[in-house]
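# Descriptive analysis of the structure
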Amino acid sequence: MKILIAYDGSGYSRNAIYDLQCAGFPNQAHVRIISVSEVSLSPEIDGSKHETHLGDDIFEYFHKHSEQMDRNLEVTRGILVEAKENLQKLFPKWSIETLAFVGSPAQVILQVAAEFAPNLIVVGPLGLSSDNRTGLGSLSQKILSYSNVPVRIVRVGLENETDRLKIAICFDNSPCSLEAVRTVSLRQWKGKPEVGLFVVTDPLIALIPGRVFQLIPGIPEGGMKGEEKWVESLTSKALVLLRNAGLTTSVNHCGGNPRIMLTKETKAWNADTIFIGANSGQSHSLGCVASAVASSASCTVEVITKS
């Protein structure tokens, strides 16, 4: 397995290191930890001048600030040494290398990912200047939006190593959500985690063959039974995959707006990690539901793309 970890020395990125103990990863893996010292151009060279002068302006700017950038790069390398040492203690058999860069963090990380071709990118939700537990910073949002491999956004880990890991899978039977199920079933989990499949049926979408809407005033109770039967059929393949992997799995079904209800229901269930497909259709772009859950959840979220 190949893992790319974006690290900036913040509490969020430190959490990302320790959270990997709860991710079901194998004993052997090839890991790159990358840290980028951000460089922003001064207003005088933000592109407002004529294009023919821009190259000279950038050269002058970098020459003027080269010593500061060298110092920043040295600090970045020190941060990476700490990260590697901590990770190596947790995973002694992992092959770990570190890379320090100066530039635009999101752009550099995506470029390294394109070259390294990892199975997973690990990031914190926010950077050094942020103190919110929820929401996404610009870096994590860009990586999530443009990455063509799964992204794990780490918020908090288990408070106690003896706690039983609770894994929520947002499921709608789309290719990406089935890939999320397969991902969970193939991980090498410590102990016996509890898995919950979360299905949200939106009463505002068009009727799907074999499905009836959930019970609302004026609708017979048989409507709710039919809805539950449809959910049972929808999740049958996923349940077989998870239970064959020895994972205790339950189905949690509710109605409403998926962008709201998935966050609400997984939080009420006390999920430690949420797995969700990047999109619910054939598009390769980040879906609105995955984006909303990744942004609003109070726990770690792993957004899965279709391989």
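Conventions we followed
Residues numbered from 1 in each chain as written. Predicted model: local features only at pLDDT ≥ 70, side-chain atom pairs only at ≥ 80, totals over all residues. Heavy atoms only, no water. Phe/Tyr/Trp six-rings, centres within 6.5 Å; stacked < 30°, edge-to-face > 60°. Helix = DSSP H or I, 4+ residues; strand = E, 2+ residues; numbered from the N terminus. Buried < 20%, exposed > 50% of the residue type's maximum accessible area, 1.4 Å probe, protein only. Lys NZ or Arg CZ within 6 Å of the ring centre and 35° of its normal. Salt bridge = Lys/Arg side-chain N within 4 Å of Asp/Glu carboxyl O.

### Concerning the packing of aromatic side chains
The way to describe two aromatic rings as a pair is by their centre distance and the angle between their planes. A full pass over the atoms with the stated rule returns four aromatic pairs. Between Phe25 and Trp94 the ring centres are 6.2 Å apart and the planes differ by 50°, which places this aromatic pair in the tilted class. Separated by 69 residues along the polypeptide, Phe25 in the loop between α1 (11-19) and β2 (30-38) and Trp94 in the loop between α3 (66-90) and β3 (95-103) bring together distant segments of the chain. By the burial criterion, Phe25 is buried, and Trp94 matches it. For the pair Phe198 and Trp269, a centre-to-centre distance of 5.4 Å together with 75° between the ring planes defines the contact as edge-to-face. Taken together, the residues Phe198 in strand β7 (residues 194-201) and Trp269 in the loop between α9 (258-268) and β9 (273-277) connect sequence positions 71 residues apart. By the ring-pair criterion, three or more aromatic residues cluster together here, those being Phe25, Phe91 and Trp94. Over the aromatic face of Phe116 sits the side chain of Lys2, whose NZ or CZ is 4.6 Å from the ring centroid. One residue, Lys166, lies across the ring of Trp269, its end atom 4.4 Å from the ring centre.

### Describing the pattern of salt bridges
Counted under the stated rule, the structure contains seven salt bridges. In this structure, Arg152 and Asp19 form a salt bridge, with 2.8 Å as the shortest nitrogen-oxygen distance. Here Asp19 lies in helix α1 and Arg152 lies in strand β5 (residues 151-153), a separation of 133 residues in the sequence. Each member of the pair, Arg152 as well as Asp19, is classed as buried.

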